[in-house]
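Observations on the model geometry
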Protein chains: 2
Amino acid sequence: MKALIFKGKDKIEWTETMEPVIIEPTDIIVKIEGFTFSHADYRPYLGQDDSVAPDTIMGHEGVGVITAVGGSVINLQVGDRVAIGCIIHCNICQWCLRKAFAKCVNGGFILGTKINGTHAEFVRIPYGDNSVIKISSAMNLADALMLSDVLPTGYENVIKKVDFQNINNIAIIGDGPIGLGILLLINKYNKEVDVYGHHSKKLDYFEKLGAHKGYNSTKTSFDIKYDLVIECVGNDRGTFEQAQQMVNFNGTIITIGVFNKSVVFNLQQLWYQNITVHTGILNVYTLDELVAKIETKEISPMQLVTKAFNKNQVLQAYEAFMDKDMFKVMVKL
Amino acid sequence: MKALIFKGKDKIEWTETMEPVIIEPTDIIVKIEGFTFSHADYRPYLGQDDSVAPDTIMGHEGVGVITAVGGSVINLQVGDRVAIGCIIHCNICQWCLRKAFAKCVNGGFILGTKINGTHAEFVRIPYGDNSVIKISSAMNLADALMLSDVLPTGYENVIKKVDFQNINNIAIIGDGPIGLGILLLINKYNKEVDVYGHHSKKLDYFEKLGAHKGYNSTKTSFDIKYDLVIECVGNDRGTFEQAQQMVNFNGTIITIGVFNKSVVFNLQQLWYQNITVHTGILNVYTLDELVAKIETKEISPMQLVTKAFNKNQVLQAYEAFMDKDMFKVMVKL
């Protein structure tokens, strides 16, 4: 089969490799129908994450059809169409028993990092019963692909943590796909949602999809106060500082971005502001709810997919995702 | 009347001054039966807070009997015994309408800071209807005094913010009265509560009142993980760092301490730990619930009062509260 293989910093190949086989009785094999990219896929490539070994197949987002199941798989069978969740989990370890699937001692965020991932024609998914969700053949591929990561990230970190009754206005910091997925999920609450980012075309698209106003982060002083501030950028780009500046008394900051260093927390101002800060990670425990939202047309996550490529254009697709005007980029095999 | 008057850094006097009178129709006058001290009372005295003008009567904790009511006071009358909440609030400003009483544009934390406080024989309380709670003559004075600040601080910052179902163990950092008040409030949930502090006698008292174990903060490496960490120290004594070290995946940090500078927030470790941080301030919206807890003997907050003094010993009482083995110190007039 062909797969997108990480070969070390600045080097990636779409090339022939061995097809995966069932190893454990809880495994399933999925023939990939399509996959998408995540910024996390690029961190090893960009030299920002040296935990991924060369020759690993990349990717943790994918949709496909099951071609083999291990002997103890109960709920799935060959022929089922599934969306793969980006968190593999055993459901029986000490962390899984507490629904902390991301900390699963037998799984976690391992696809495309510790084991071969979804950017391939076939992928082996451990603990298949827990780690994928069945979807109908009628679901649009672009909709389905958003189940792997983008939608549960927003849904679990924002919708599941916030009481929208007490919120009048919302700021999303970061004009990327995570923020846009969150916008789609919060539109139903009819709140005023502003977006702060650096890309005018993307900010326009947020406005088109329901945002009240897009602000260019280089041209604002962040002086509007918000009951809920959702930080989706990470690293040390000053966005956590902006969030602290914008959060209202009694307000909430949710930080979903990936940070590689500490930040300054202004407790000298915030200790008496009665605020809440939530840090992220998704446990991917809400796929059934999200499938229902897509099926009932409450949300249309395919709006997140800016461009689709075919199986002869995988490397172009990989490059395209780095373009500043892209939200998600899809490859259909 | 006599009152404890702040005269500037390192200077305080228990001396004769004018009795307060009704100024606004929403005012009440309370003849003080007893008062307690708070560490906040000492910050101007110690030169740590220059926002309090000399000649201000100190104090925001007190219990007494109403001797006069303004013309538009509805729910109170002369002769009512009341506990004074430390947050004055008008109930009609933009913040009060959102239950953010501490931010009340006509009140807030003003007793003993912006207006004369409770450390006197009489005190004027603005917005009396909203800012005190009626208590029975049967309630023990030491119990009642804990309603002003200590109990609502713990109740609103911890009990009202946390779902104890998902919590197995709890750490309280700080062996002072706020932490002890929280212990009394969380005892009913039957969780393992450890306390970290610097005073062996106080740590012993925590254990006597229900804590699982007291740890001397100078002799521990803070390597136990807790689902809930309650930081009650503040400033830059390293306690927020300790809290971050101790918080479990999916866990919560509540910081109640007063901070006068920023802290380091280790998002590089915590962004994927799914944690929650709540910062404090109390809005004193729960006095009715707390009175019920005292009346039904669910809690016995008088256990917080280490020593009582009489009206001839006010300055000794003020000094005594600084002793390292004291929780709360009460003056009975």
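From a predicted model like this one, the values you see are computed outputs, not experimental measurements.

1. Considerations on the relation of the copies chain B and chain A
Rotating chain B by 180° about the axis while translating it 0.0 Å along that axis superimposes it on chain A, leaving an RMSD of 0.0 Å. Here the symmetry operator amounts to a two-fold rotation axis. Most of the interface of chain B is mirrored in chain A, where 100% of its interface residues are also at the interface.

2. Observations concerning the packing of helix α4 (residues 150-159) of chain A against helix α5 (residues 177-186) of chain A
Residue and element names in this part refer to chain A. Across the interface, α4 lies against α5 with an axial gap of 8 Å and an inter-helix angle of 60°. Along this stretch, α4 crosses α5, giving a crossing that reads as right-handed. Across the interface between the two elements, Val150, Leu151, Thr153, Gly154, Tyr155, Val158 and Ile159 of α4 pack against Pro177, Ile178, Gly181, Ile182, Leu185 and Ile186 of α5. Here the contact of α4 with α5 is composed, by residue class, of 10 nonpolar, three polar and no charged.

3. A short note on the side chain of Asp49 of chain B
Residues and elements named next belong to chain B. By the secondary structure assignment, Asp49 is in the loop between α1 (39-45) and β4 (62-69). Here Asp49 sits buried without a salt bridge, and the closest side chain of opposite charge, Arg43, lies 4.3 Å off (N-O distance). If sequence neighbours within four positions are ignored, Asp49 has contacts with Arg43 and Pro44.

4. Observations regarding helix α5 (residues 177-186) of chain B
By the criterion of burial, α5 of chain B is predominantly enclosed, with nine of the 10 residues buried. Among the residues making up α5 of chain B, those that are buried are Pro177, Gly179, Leu180, Gly181, Ile182, Leu183, Leu184, Leu185 and Ile186 of chain B.

5. Here's the deal with the packing of aromatic side chains
Tallied over the entire structure, the rule returns 37 aromatic pairs over all chains. Relative to Phe265 of chain B, the ring of Phe240 of chain B has its centre 6.2 Å away and its plane inclined at 50°; by these criteria the two rings are tilted. With Phe240 of chain B in helix α7 (residues 239-246) and Phe265 of chain B in strand β13 (residues 263-265), this residue pair connects regions lying 25 residues apart in the sequence. Its relative accessible area of 2% is what places Phe240 of chain B among the buried residues. Each member of the aromatic cluster is reached from another via a ring pair, and the members are Trp14, Phe35, Phe37, Tyr42, Tyr45, Tyr318 and Phe321 of chain A. Sitting above the plane of the Tyr215 of chain A ring, Lys213 of chain A keeps its charged end 5.0 Å from the centroid.

6. Considering the interface of chain B and chain A
Listed by partner, the interface residues are 40 residues for chain B and 40 residues for chain A. Here chain B packs against chain A, burying approximately 3,200 Å² in sum over the two surfaces, 57% of which is carbon and sulfur. Viewed at the interface, chain A and chain B are joined by two salt bridges. Its salt-bridge partner being Asp227 of chain A, residue Arg98 of chain B comes within 3.0 Å of it at the nearest N-O pair. Where chain B packs against chain A, one counts 23 residue pairs in polar contact (both at pLDDT 80 or more). Elements that contribute at least two residues to the side of chain B that touches chain A include exactly β12 (247-255), β13, α8 (267-270) and β14 (276-279) of chain B.

7. Quick notes on empty space enclosed by the protein
Residue and element names in this part refer to chain A. Under the defined criterion, the tally for this structure stands at one cavity of 30 Å³ or more. Of the volumes computed, that of the largest cavity is approximately 50 Å³. Forming the walls of the largest cavity are Ala40, Asp41, Pro44, Val52, Met58, Gly59, His60, Phe109, Leu111, Gly112 and Thr113. Its residues assigned to classes, the lining of the largest cavity comprises six nonpolar, four polar and one charged.

8. Side note on the sheet that holds strand β11 (residues 226-231) of chain B
On the basis of which strands lie adjacent, the open sheet formed by 12 strands has the order β10(A)-β9(A)-β8(A)-β11(A)-β12(A)-β14(A)-β14(B)-β12(B)-β11(B)-β8(B)-β9(B)-β10(B) and mixed pairing. Looking at strand neighbours, the two that pair on one side only are β10 (213-216) of chain A together with β10 (213-216) of chain B, the edges of this open sheet. On average, each strand axis in the sheet is tilted by 15° relative to the strand beside it, whichever way the strands run. For strand β8 (residues 169-173) of chain A and strand β11 (residues 226-231) of chain A, the ladder comprises four bridges, and the chain directions are parallel. Considered in β11 of chain A, the bridge of Ile170 of chain A is made with Leu228 of chain A. Taken strand by strand, α5 of chain B contacts β8 (169-173), β9 (192-197) and β11 of chain B, and its axis lies near 160° from that of β8 of chain B. On the sheet, α7 of chain B packs against β8, β9, β11, β12 and β14 of chain B and is oriented at approximately 155° with respect to β12 of chain B.

9. Quick notes on helix α9 (residues 287-295) of chain A
Residue and element names in this part refer to chain A. All of the buried residues along α9 are Leu287, Leu290, Val291, Lys293 and Ile294. Take α9 and look down its axis: the buried residues cluster within an arc of 160°, on one side only. Where α9 is buried, its residues meet β7 (132-134), α3 (141-145), α4 and α5.

10. Considering the side chain of His60 of chain A
Residues and elements named next belong to chain A. Assignment of secondary structure puts His60 in the loop between α1 (39-45) and β4 (62-69). On the basis of relative accessibility, which here comes to 1%, the residue His60 falls in the buried class. In this view, His60 contacts Ser38, Ala40, Asp41, Ile84, Cys86, Phe109, Leu111, Thr118, Ser148 and Asp149; residues no more than four positions away in its chain are not counted.

11. Regarding unusual backbone geometry
In this structure, Val284 of chain A is a non-glycine residue whose phi angle is positive, near 55°. Its location among the elements puts Val284 of chain A in the loop between β14 (276-279) and α9. Unlike most non-glycine residues, Asn91 of chain B shows phi in positive territory, near 70°. Secondary-structure assignment places Asn91 of chain B in the loop between β5 (81-84) and β6 (122-125). Residue Asn91 of chain B is classed as partly exposed on the basis of its relative accessible area, which comes to 34%.

12. What to know about the pattern of salt bridges
Scanning the model with the defined rule gives 24 salt bridges over all chains in all. Taking the shortest distance from any N to any O, the salt bridge between Asp325 of chain A and Lys201 of chain A comes out at 3.7 Å. One end of the pair, Asp325 of chain A, is in the loop between α10 (314-320) and β16 (328-332); the other, Lys201 of chain A, is in helix α6 (residues 200-208), with 124 residues separating them in the sequence. Its relative accessible area of 22% is what places Asp325 of chain A among the partly exposed residues. Among the salt bridges present, the one from Lys293 of chain B reaches Glu298 of chain B, with a minimum N-O distance of 3.1 Å. Salt bridges linked by common partners bring Lys188, Lys293 and Glu298 of chain A together as one network.

13. Brief notes about the domain arrangement of chain A
All names here are of chain A. Per the domain assignment, the segments of chain A are domain 1 (2-149 + 283-332) and domain 2 (154-279). Facing 19 residues of domain 1, the contacting portion of domain 2 comprises 18 residues. Approximately 1,700 Å² of surface area, both sides summed, lies buried where domain 1 meets domain 2, with 62% of it carried by carbon and sulfur atoms. Sorting the residues of domain 1 by area buried against domain 2 places Gln303, Leu304 and Phe327 first, and these three jointly supply 34% of that buried surface. If you look at where domain 1 meets domain 2, you find three salt bridges.

14. Focus: the environment of Leu111 of chain A
Note that Leu111 of chain A resides in the loop between β5 (81-84) and β6 (122-125). Those residues in contact with Leu111 of chain A, other than ones at most four positions away along the chain, are Gly59, His60, Ile84, Gly85, Ile88, Asn116, Gly117, Thr118, Val123, Arg124 and Ile125 of chain A.

What counts, and where the lines are drawn
Residues numbered from 1 in each chain as written. Chains lettered and ligands numbered in written order. Predicted model: local features only at pLDDT ≥ 70, side-chain atom pairs only at ≥ 80, totals over all residues. Heavy atoms only, no water. Least-squares fit on C-alpha atoms with pLDDT ≥ 70 in both. Contact = heavy atoms within 4.5 Å. Axes fitted to C-alpha atoms, helices over the stretch in contact; angles between N-to-C directions. Helix = DSSP H or I, 4+ residues; strand = E, 2+ residues; numbered from the N terminus. Left-handed = near helix turned anticlockwise from the far one by under 90°. Nonpolar A, V, L, I, M, F, W, Y, C, P; charged D, E, K, R; others polar. Buried < 20%, exposed > 50% of the residue type's maximum accessible area, 1.4 Å probe, protein only. Lys, Arg positive; Asp, Glu negative; His and termini not counted. Salt bridge = Lys/Arg side-chain N within 4 Å of Asp/Glu carboxyl O. Phe/Tyr/Trp six-rings, centres within 6.5 Å; stacked < 30°, edge-to-face > 60°. Lys NZ or Arg CZ within 6 Å of the ring centre and 35° of its normal. Buried area = accessible area lost by both parts, 1.4 Å probe. Polar contact = N/O pair within 3.5 Å; in protein donor to acceptor, adjacent residues only side chain to side chain. 1 Å grid on protein atoms, 1.4 Å probe; cavity = no way out; pocket = protein on both sides within 12 Å on 5 of 7 lines; lining within 4 Å. Points joined across faces, edges and corners; volume = space filled by probe spheres on them. Pairing = 2+ DSSP bridges. Arc of directions from axis to C-beta. Domains from an automatic or database assignment.

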